[in-house]
Amino acid sequence: MVKERARILVVGGGYVGMYTALRLQRQLRQEIGRGEAEITVVTPDPYMTYQPFLPEAAAGAVSPRHVVVPLRHVLPHCRVVVGEVTAIDHARRTATLTTLATDEEGTGPRRLTYDELVLAPGSVSRTLPVPGLADHAIGFKTVEEAIGLRNHVIEQMDIASSTRDPAIRDAALTFVFVGGGFAGVEALAELEDMARYTTRYYHNVEPEDLKWILVEASDRILPEVGEDMGRYTVSELRRRNIDVRLGTRLESCADRVAVLSDGARFPTRTVVWTAGVKPHPVLAASDLPLTERGRLKCTPELTVEGVTHAWAAGDAAAVPDLTAGRPGAYTAPNAQHAVRQAKLLGDNIARSLRGEPLRTYAHAYVGSVASLGLHKGVAHVYGRKLKGYPAWFMHRAYHLSRIPTFNRKARVLAEWTLSGLFKREIVSLGSLEHPRAEFELAAGGKPSDESSGDPKGSS
Ligand SMILES: Cc1cc2nc3c(=O)[nH]c(=O)nc-3n(C[C@H](O)[C@H](O)[C@H](O)COP(=O)(O)OP(=O)(O)OC[C@H]3O[C@@H](n4cnc5c(N)ncnc54)[C@H](O)[C@@H]3O)c2cc1C
C-alpha cells in the first residue's frame, strides 16, 4: 500500500536526479494518477547535461542542444522547478530554495516540505588557491563552458591571424589545460584536433604555431583506462606535439602568465581547470551526515546513514563499494555508477513506500572509453584494451547507446553522419553571448558586457 500523497523532493536534475525521477515516474505511475504521490525536481537548469559529450560539443561534432535532455519532455508526471536548493533541514523535512521568481519578486527564499528526499546535486570543480585562477581560468563541466571554450579557441586564432605583435600572437595560440582526468584529456584532445583542422582556413596560422600544454600533478593521466592505456595516451598526445607535463602543478596564472612548478612560464589567454571535483557545497548546508571529504554518508541501499526518508547517489554520495573487497571503499564519482545507482534508488523508494525490503547496490566498474579527437581514442573495457580508431568507434557506439531518449540518439547520429559527409564546422559564434552589444552601440550606448578575450568573459 502506498502512503497517502508521498511528496518526493529530488534535488538536482543531472544523471541521478533525472534517472531517479524517471524510474519513480514509471514505478508510481498508477499511484501518481490517483494523486497518491508527487515528485518535485528542483534543478538550476531545465535540462540534464550528458557530460561525456561535452568534449565533442566543444569540437563542434555535436550541437550543444543535443547534449542536453529537456527535463519537462522526459518527466511529464513530475513537477520541474527551475531553482537552487540552498539549505536542507531534514529534521523538519524542509528545503530552502531560490528560483528565478524569488529573485524577481525580491521575497527571499522559499520553503518546500517533503516526505522523501533525494539529494543529487553532483559535484563542483575542486579548485586550489592559485593566484589568477578565479579571474582567468574556466572549468569544463557545463555545456556553457564547453561552447564558450570552443568560441574562445577559434577567436584566439582570429586574434593571432590579425595581430602584428608576436607576443600577443604567442599568448593567443597557447592553451594550458590543468588536470589529466577524463574531462581535461578529452577536452584538450578534441579542441586540439578541431583547431589543427581549422588552421587550413587561415593564411598565416599553421598547426605548429599552436601550443597545447597538459599539466598533471601525478605521474599518470586517465587513470580510468588503466596504466598501459594511460601511458599510450601520453605518447599519442606527445606525438601530436602536445606538451604533456606529468608531476607538475600550475602555481599561478596571474597577469595572464601560466607559471608551472617546474619553472616553465607560458604567457596565455587560455587556462582550463579540470583538476578534479568536490561534492556540491549545498551538502554542507544540510543536517545530514558527511564524510571527511564532504560526501553524504550512504548505506548500500542508497539511504543516507543514520536518518530515515533521505536518499542519495552519484558524485555527491559516498556509497560503499561492495565489490571492492575491502571496507571503507566507496564507488567512484562517474556516470557509470550514477546511472545504475539512480535506477536502484528509484526502485528502492518505491519499495520503501510499499513496505517491501530494499535491495543493495553492487556494481564492479567495467572500464572506460575516451575520445582523443576525430578517429582517435583509447579504451579499457571488460579487460580488453583498444586504441586508435577501434577505441574511438567504441566510444561513439557506447555513448550513442547511453545518451537518454531516442530523440537525442537520432539527432546525434544524424549530426555525426552529416559531419562525415561535409566539412567540419569551424565557425565561432561568440557574439551569441552578447546579443545586445550591436544594438546598444547603434542606439548610441556602450556595450554593457564587452568581450574581454577571456574565456570566462567569453569571447
Ligand atoms: C567533461 C566530462 C566528461 C565526463 N565523461 C565521463 C565518461 O565518459 N564516463 C563516466 O562514467 N563519467 C564521465 N563524467 C562524469 C559524470 O558526468 C558524472 O560522474 C555524473 O554526471 C554524476 O552524476 P550526478 O547526478 O551525481 O551529478 P550531475 O550529473 O552533475 O548532476 C547534478 C545536478 O544537480 C544540479 N544542482 C547543483 N546544485 C544544485 C542545487 N543547489 N539545487 C538543485 N540542483 C542542483 C546540477 O545543476 C545538475 O543538474 C564526465 C564528466 C565531465 C565533466
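Above this text is the structure in question.
Below or above, wherever it landed, is the structure these notes cover. Since we're looking at a predicted model, the values are computed, not measured.

1. Description of the overall build of the chain
- The helix and strand tally for the chain stands at 14 helices and 24 strands.
- A compact globule built from 459 residues would reach a C-alpha radius of gyration of about 23 Å, and the chain, at 23 Å, matches this within 12%.
- Structurally, the chain occupies a C-alpha span of about 75 × 60 × 45 Å along its principal axes.
- Taking as baseline every contact in the chain between residues at least 6 positions apart, the subset at least 24 positions apart corresponds to 67%.
- Carbon and sulfur atoms make up 54% of the accessible area of the chain, which amounts to about 21100 Å² in all.
- For the chain, the distance from the average site of its 56 positive side-chain charges to the average site of its 53 negative ones is 5 Å.

2. Structural notes on the pattern of salt bridges
- Inspection of the entire model under this criterion finds 18 salt bridges.
- Among the ionic pairs, Arg169 bridges to Asp209, the shortest N-O distance being 2.8 Å. Of the two residues, Arg169 sits in helix α8 (residues 166-172) while Asp209 sits in the loop between α9 (182-198) and β12 (211-215), which places them 40 residues apart along the sequence.
- With its nearest N and O atoms 2.9 Å apart, the salt bridge here joins Arg196 to Glu192. With Arg196 and Glu192 both in helix α9 and four residues apart, the pair spans about one turn of that helix.
- Residue classification places Arg196 among the partly exposed positions, given a relative accessible area of 29%.
- One salt-bridge network, in which partners are shared between bridges, spans Glu192, Asp193, Arg196, Glu236, Arg239, Arg240 and Lys376.

3. Some words on the site of the ligand
- The ligand sits among 29 residues. The nearest are Val16, Gln51, Val85, His280 and Asp315.
- Between the ligand and Gly14, the relevant distance is 3.4 Å, taken from an oxygen atom to a main-chain nitrogen or oxygen of the residue.
- Measuring from a nitrogen atom of the ligand, one finds a side-chain N or O atom of His280 at 2.9 Å.
- Computed on the free molecule, the ligand has an accessible area of 990 Å², of which 90% lies beneath the protein chains in the complex.
- Residue assignment for the shell around the ligand shows that the elements contributing at least two residues are α1 (15-27), β2 (37-43), β5 (79-89), α9 and α11 (335-353).
- Looking at the shell around the ligand residue by residue, the classes come out as 15 nonpolar, eleven polar and three charged.

4. Focus on the side chain of His90
- Here His90 shows up in the loop between β5 and β6 (94-99).
- Residue His90 is classed as buried on the basis of its relative accessible area of 3%.
- Each residue touching His90, except ones within four places of it in the same chain, is listed here: Tyr114, Leu117, Asp287, Leu288, Val307, Thr308, His309 and Ala310.

5. A short note on helix α10 (residues 226-239)
- Taking 1.5 Å per residue as the helical rise, α10 with its 14 residues ought to reach 20 Å, and the 20 Å between its terminal C-alpha atoms agrees with that figure.
- Within the span of α10, buried status applies to Gly226, Met229, Gly230, Tyr232, Thr233, Val234, Glu236 and Leu237.
- For α10, the secondary structure elements touched by its buried residues are α9, β12, β13 (243-245), β23 (377-381) and β24 (384-387).
- After α10 finishes, the residue Asn241 shows a positive phi value of roughly 75°.

6. Here we look at the sheet that holds β6
- Taken in spatial order, the seven strands of this open sheet run β7-β6-β5-β2-β1-β8-β20, and their pairing is mixed. Looking at the sheet topology across the chains shown, the edges are occupied by β7 (110-113) and β20 (310-312). This sheet shows a mean twist of 40° between the axes of neighbouring strands, independent of strand direction.
- Pairing of β2 with β5, which is carried by four bridges, proceeds in the parallel orientation. Following the sheet pairing, Val42 is matched in β5 by Val81.
- In the packing of α1 onto the sheet, the strands contacted are β1 (6-11), β2 and β8 (116-119), and the crossing angle to β2 comes to about 165°.
- Against the sheet, α11 makes contact with β1, β8 and β20, and its axis sits at roughly 165° relative to β20, the strand it touches most.

Parameters at a glance
Residues numbered from 1 in each chain as written. Predicted model: local features only at pLDDT ≥ 70, side-chain atom pairs only at ≥ 80, totals over all residues. Heavy atoms only, no water. Helix = DSSP H or I, 4+ residues; strand = E, 2+ residues; numbered from the N terminus. Rg over C-alpha atoms; globule rule 2.2 N^0.38 Å. Contact = heavy atoms within 4.5 Å. Areas by Shrake-Rupley, 256 points an atom, 1.4 Å probe, with all protein chains shown as cover. Lys, Arg positive; Asp, Glu negative; His and termini not counted. Charge placed at Lys NZ, Arg CZ, Asp CG, Glu CD. Salt bridge = Lys/Arg side-chain N within 4 Å of Asp/Glu carboxyl O. Buried < 20%, exposed > 50% of the residue type's maximum accessible area, 1.4 Å probe, protein only. Near = heavy atom within 4 Å. Polar contact = N/O pair within 3.5 Å; in protein donor to acceptor, adjacent residues only side chain to side chain. Nonpolar A, V, L, I, M, F, W, Y, C, P; charged D, E, K, R; others polar. Expected span 1.5 Å × (residues − 1). Pairing = 2+ DSSP bridges. Axes fitted to C-alpha atoms, helices over the stretch in contact; angles between N-to-C directions.

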